[in-house]
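Chain residues, written in single-letter form:
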Amino acid sequence: MPHSEHPDSGGSGKATVLVSGGMDSTTLLHHVARHRGFAEIFALSFEYGQKHARELRMAEWQCAQVPGVVAWKSIDIGFYGRLVEHATALTGNEVAVPDLAAIPTEELDQPITYVPNRNMIMLSIAAGYAESTGCSHLFYGAQAQDEYGYWDCSEEFVRRLNQLLALNRRCPVHVEAPFAGMRKAEELRLGLELGIDYAHTWTCYRGGDLACGSCPSCEERLKAFAEVGIEDPLPYRQR
């Protein structure tokens, strides 16, 4: 696993962790709490009009299970989801969530499930929150998707963002994405070692009471569980 080279990592400090309620951010939360040595963790989630807002209930549940989490906040930025709903399948009703198999190969590097500039906006807000609470580090669960990808989940994105945040003259916040170079199955193995209950996570982009089993996010999740060789505890409409 990639490790931070930032000199102030861990110790008696504080950290902010973005927790969506999905597999990636949940695994990250438990990893930071167990292995990074921060005395206090401030967890932050965003309601941006996502169709799968059910994930926020999972985020709250997971944060309640983790020692060291001193606060969890869900921030409503639904205006942004409405602003860009014509350009993404994750918010509003203008664009349907496609099956992974329906996404053209040439679009897999930035499919319609990408929300324009979402991570930059969330991380900007989170960096301000981290600075206000005295957190030196900000973690988010970017992960190298096996089948498709987003530019704002890349290691290069994190590197350049940190160059910008380093301009802060008093309290620079350092962003880390420890899973940005990992495959989903590798991350799942780590989470299982940490004892994470993945029944209390949500991945499906379509929301609903049951995961669809065919959207890009479900496909990635099911593939990871199959590779690890265990049954996904979530119920699905189709497998």
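Residues numbered from 1 in each chain as written. Predicted model: local features only at pLDDT ≥ 70, side-chain atom pairs only at ≥ 80, totals over all residues. Heavy atoms only, no water.

**Some thoughts on the packing of aromatic side chains**
At step 1: Tallied over the entire structure, the rule returns seven aromatic pairs.
At step 2: Aromatic side chains F42 and Y129 sit 6.2 Å apart centroid to centroid with 80 degrees between the ring planes, which places their arrangement in the edge-to-face category. One end of the pair, F42, is in strand β2 (residues 40-47); the other, Y129, is in helix α4 (residues 118-132), and 87 residues separate them in sequence. Across the pair, exposure class does not vary: F42 and Y129 are buried alike. (Phe/Tyr/Trp six-rings, centres within 6.5 Å; stacked < 30°, edge-to-face > 60°. Helix = DSSP H or I, 4+ residues; strand = E, 2+ residues; numbered from the N terminus. Buried < 20%, exposed > 50% of the residue type's maximum accessible area, 1.4 Å probe, protein only.)

**Considerations on the sheet that holds strand β4 (residues 137-139)**
At step 1: A sheet is described by the order of its strands in space; here five strands give the open sequence β3-β2-β1-β4-β5, paired in parallel fashion. Either end of the sheet is taken by a strand with one partner, and the two such strands are β3 (69-76) and β5 (174-176). Each strand of the sheet is rotated relative to its neighbour by a mean of 20 degrees, with strand direction disregarded.
At step 2: Of the strand pairs in this sheet, β4 and β5 are connected by three bridges, and their pairing is parallel. Residue pairing in the sheet places F139 in a bridge with E176 of β5.
At step 3: Against the sheet, helix α1 (residues 23-35) engages β1 (14-18), β2, β3 and β4, with an angle of about 165 degrees to β1.
At step 4: In the packing of α4 onto the sheet, contacts are made with β1, β2, β3, β4 and β5, and the angle to β2 comes to roughly 145 degrees. (Pairing = 2+ DSSP bridges. Axes fitted to C-alpha atoms, helices over the stretch in contact; angles between N-to-C directions. Contact = heavy atoms within 4.5 Å.)

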